[in-house]
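# Coordinate inspection notes
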Amino acid sequence: QVQLVESGGGLVQAGDSLRLSCAASGRTFSNYVMGWFRQAPGKQREFVAAISRSGGNTYYADSVKGRFTISRDNAKNTVYLQMNSLKPEDTAVYYCATSSYSTLPTTPEQYGYWGQGTQVTVSS
């Protein structure tokens, strides 16, 4: 069992930055690939970014590439999502999740444990 708790969301203006955090407890954090997803009202949950167990490899959705950065600190059992140049279309609930895959998966079905989500709202 892994418990994930996201934090750092809020209401910001377009062009601002936010850093989301996801703190994990339970099983060994470094055993998992970590991912961030988001879900806007009326839309399906979509992949945002993923990071390998060591943090050496990352992968991003095209919509956030160059603006968002995923990172992790295995000593602190935490994964981060630095979001810069935020746009109104980034408004969503953001979730972190764990995966046992050896690659960097991009679909929700490939992730096992999920946090409760944190709301990010970007005003124009």
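The structure presented is a predicted model; accordingly, all values stated were derived computationally and were not measured.

## A look at the environment of tyrosine 94
Take tyrosine 94: it is sitting in strand S9 (residues 92–99). Expressed as a C-alpha distance, the spacing of tyrosine 94 and phenylalanine 68, which sit 26 residues apart in the sequence, is 13 Å. Apart from the residues lying within four places of it in its own chain, the contact partners of tyrosine 94 are Glu6, Leu20, Trp36, Phe37, Arg38, Val48, Phe68, Leu81, Met83, Gly117, Thr118 and Val120. There is a polar contact of 2.6 Å between the side chain of tyrosine 94 and the backbone oxygen of aspartate 90.

## Regarding the side chain of serine 52
Relative to the assigned elements, serine 52 resides in the loop between strand S5 (46–51) and strand S6 (58–60). Assessed through its relative accessible area of 11%, serine 52 is described here as buried. One polar contact links the side chain of serine 52 to the main-chain amide nitrogen of glycine 56, over a distance of 3.2 Å. Not counting residues within four places of it along the chain, the set of residues in contact with serine 52 comprises Val33, Asn57, Arg72 and Leu104.

## Some details on the pattern of salt bridges
Enumeration over the complete set of coordinates arrives at 4 salt bridges. Between arginine 38 and aspartate 90 there is a salt bridge whose closest N-O contact spans 2.9 Å. Placement of the pair is arginine 38 in strand S4 (residues 33–39) and aspartate 90 in the loop between strand S8 (78–83) and S9, with a sequence separation of 52 residues. Of the two residues, arginine 38 and aspartate 90, both sit in the buried class. We note a salt bridge from aspartate 62 to lysine 65, for which the minimum N-O separation is 3.1 Å.

## A short note on the pairing of S8
Both faces of the sheet carry side chains from a regular strand, because those side chains alternate between them. Across the 6 residues that make up S8, a large majority, 5, are buried. Judged from the 6 bridges that link them, strand S3 (residues 18–26) and S8 form a sheet pairing that is antiparallel. Its bridge partner lying in S8, leucine 20 is registered against leucine 81. Pairing of strand S7 (residues 68–73) with S8 involves 6 bridges; the strand directions are antiparallel. Directly across from threonine 69, in S8, lies its bridge partner glutamine 82. Linking two consecutive strands that pair antiparallel, namely S7 and S8, is a turn of 4 residues; a positive phi of about 55° is found at asparagine 77 within it.

What counts, and where the lines are drawn
Residues numbered from 1 in each chain as written. Predicted model: local features only at pLDDT ≥ 70, side-chain atom pairs only at ≥ 80, totals over all residues. Heavy atoms only, no water. Helix = DSSP H or I, 4+ residues; strand = E, 2+ residues; numbered from the N terminus. Contact = heavy atoms within 4.5 Å. Polar contact = N/O pair within 3.5 Å; in protein donor to acceptor, adjacent residues only side chain to side chain. Buried < 20%, exposed > 50% of the residue type's maximum accessible area, 1.4 Å probe, protein only. Salt bridge = Lys/Arg side-chain N within 4 Å of Asp/Glu carboxyl O. Pairing = 2+ DSSP bridges.

Purely spatial values, then, with no claim about function.
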